[in-house]
Amino acid sequence: MSSATWRNFFTYNKYAQITARAVRQSLKESERVVAEKRGTTALKYQQWENGVGGTQVFLNPEVVKEVKKSAAV
């Protein structure tokens, strides 16, 4: 059996997504939060007319999540 048997079941993008999630979950809390922020994307839309840009509209507005700390910390 080869080391690339995942190719029979997943596309490369799905494989990369699964492994990235596993790595992020294995990090300590502070590093995990930083890594999750890097994975966040912001998508803006702006219509241009006559060489002038209109207002920018966020297509997926960022949601602020509060980090809960356990009592053991």
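Reading guide: rules and limits
- Residues numbered from 1 in each chain as written.
- Predicted model: local features only at pLDDT ≥ 70, side-chain atom pairs only at ≥ 80, totals over all residues.
- Heavy atoms only, no water.
- Salt bridge = Lys/Arg side-chain N within 4 Å of Asp/Glu carboxyl O.
- Helix = DSSP H or I, 4+ residues; strand = E, 2+ residues; numbered from the N terminus.
- Pairing = 2+ DSSP bridges.

## Brief notes about the pattern of salt bridges
Phase 1 of the analysis: Per the counting criterion, the structure on display carries one salt bridge.
Phase 2 of the analysis: Arg-32 is the salt-bridge partner of Glu-29, the closest N and O atoms lying 3.1 Å from each other. Remark: Arg-32 and Glu-29 occur in helix H2 (residues 29–38); sequence separation between them is three residues, near one turn of the helix.

## A look at the pairing of strand E1 (residues 44–49)
As a general feature of sheets, a regular strand has side chains that alternate between the two faces.
Phase 1 of the analysis: In terms of strand pairing, E1 meets strand E2 (residues 52–58) through five bridges, oriented antiparallel. Each bridged residue has a counterpart across the sheet, and for Glu-49 the counterpart in E2 is Val-52.
Phase 2 of the analysis: Here E1 folds back onto E2 in antiparallel fashion, the turn holding two residues, of which Asn-50 has a positive phi close to 55°.

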